[in-house]
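These are the residues of each chain, in order.
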Amino acid sequence: MKYKIKMEICELEKKNFHLFVSLKIGNENARLLVDTGASKTVFDSQRVLQFVKEKKIKTNDSKSVGLGVADMETKVVKLKNITLGKMHLDKLEVAVLPIGHVNQTYQQIDLPPIDGVLGSDFLMKYKAVINYPEALIKLNVTKK
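Residues numbered from 1 in each chain as written. Predicted model: local features only at pLDDT ≥ 70, side-chain atom pairs only at ≥ 80, totals over all residues. Heavy atoms only, no water.

**Describing the overall build of the chain**
- Assigned secondary structure in the chain consists of two helices and 11 strands.
- Reading the helices (α) and strands (β) of the chain from amino to carboxyl end gives β-β-β-β-β-β-β-β-α-β-α-β-β.
- By the compact-globule yardstick of 15 Å for 144 residues, the chain fits well, its C-alpha radius of gyration being 15 Å.
- Overall, the C-alpha framework of the chain stretches about 45 × 40 × 25 Å when taken along its three principal axes.
- Sorting the 144 residues of the chain into buried and exposed places 40% on the buried side.
- Long-range contacts, defined here as pairs at least 24 residues apart, represent 56% of the contacts in the chain between residues at least 6 apart. (Helix = DSSP H or I, 4+ residues; strand = E, 2+ residues; numbered from the N terminus. Rg over C-alpha atoms; globule rule 2.2 N^0.38 Å. Buried < 20%, exposed > 50% of the residue type's maximum accessible area, 1.4 Å probe, protein only. Contact = heavy atoms within 4.5 Å.)

So, in structure tokens, the structure goes:
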């Protein structure tokens, strides 16, 4: 099944852009930065609490690098009932890291905050194709 997901393309400064997608987790809206250079999909450690209870967040054995953090313990959580456009996922495991510094920067340039980052793990799994002229991400879900 193929899905077309609308993106918001924001010009941060002349010829510098960030891509965003909106989704629902349960009945709550979420906003994610699309980052093809991020190895994992990550939710902010504070903002994720609007979608799950803190006790559902587990410590992972791996370490995270990037997003302004160096060699930080990774936590993970399974988000449930995710809707991205017309695409529905029963669950999605994501990393949980503090990324408030990203939202502080967005606040300084009058952009709304993000709840997390849609990373390459998700983009590769669903064979994402980013179409800039149409502001779409095309995703492919293969049935097992």
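We are not done yet, so read on.
**Focus on a positive patch on the surface**
- Among the surface-exposed residues, Lys 53, Lys 55, Lys 56, Lys 58, Lys 78, Lys 80 and Lys 91 lie close enough to one another that they form a single positively charged patch.
- Examined against the element boundaries, Lys 53 turns out to sit in the loop between β5 (42-44) and β6 (58-66). (Patch = residues over 30% accessible without salt bridge, like charges linked within 9 Å, V, L, I, M, F, W, Y side chains within 5 Å. Areas by Shrake-Rupley, 256 points an atom, 1.4 Å probe, with all protein chains shown as cover. Salt bridge = Lys/Arg side-chain N within 4 Å of Asp/Glu carboxyl O. Lys, Arg positive; Asp, Glu negative; His and termini not counted. Charge placed at Lys NZ, Arg CZ, Asp CG, Glu CD.)

**Considerations on the environment of Leu 111**
- Position of Leu 111 among the secondary structure elements: in the loop between α1 (100-108) and β9 (116-118).
- Excluding its chain neighbours within four sequence positions, the residues that come into contact with Leu 111 are Cys 10, Leu 12, Phe 20 and Tyr 106.

**Some words on a nonpolar patch on the surface**
- Together, Ile 9, Phe 17 and Tyr 132 make up a nonpolar patch on the protein surface, roughly 300 Å² of accessible area in all.
- The topology assignment puts Tyr 132 in the loop between β10 (129-131) and β11 (136-140).
- Assessed through its relative accessible area of 49%, Tyr 132 is described here as partly exposed.

**As for unusual backbone geometry**
- One non-glycine residue, Asn 81, lies in positive phi territory at about 60 degrees.
- Inspection of the secondary structure puts Asn 81 in strand β7 (residues 69-84).
- Residue Asn 81 is classed as partly exposed on the basis of its relative accessible area of 37%.
- Although it is not a glycine, Lys 127 sits at a positive phi angle of roughly 50 degrees.
- Following the sequence through the fold, Lys 127 ends up in the loop between α2 (120-125) and β10.

**Remarks on the layout of surface pockets**
- Quantified by volume, the largest pocket comes out at close to 490 Å³.
- What lines the largest pocket is a set of 18 residues, and nearest its centre among them are Leu 89, Lys 125, Tyr 126, Val 141 and Thr 142.
- At the level of elements, β8 (87-97) and α2 are the ones that each hand at least two residues to the lining of the largest pocket.
- The biggest single contributor to the lining of the largest pocket is β8, with six residues.
- Class assignment for the residues of the lining of the largest pocket results in eight nonpolar, four polar and six charged. (1 Å grid on protein atoms, 1.4 Å probe; cavity = no way out; pocket = protein on both sides within 12 Å on 5 of 7 lines; lining within 4 Å. Points joined across faces, edges and corners; volume = space filled by probe spheres on them. Nonpolar A, V, L, I, M, F, W, Y, C, P; charged D, E, K, R; others polar.)

**Focus: empty space enclosed by the protein**
- Going through the model one piece at a time under the given rule, you end up with one cavity of 30 Å³ or more.
- Roughly 70 Å³ of volume is contained in the largest cavity.
- Lining the largest cavity are Leu 23, Leu 32, Thr 41, Phe 43, Leu 79, Ile 82, Leu 84, Leu 92, Leu 118 and Phe 122.
- Its residues assigned to classes, the lining of the largest cavity comprises nine nonpolar, one polar and no charged.

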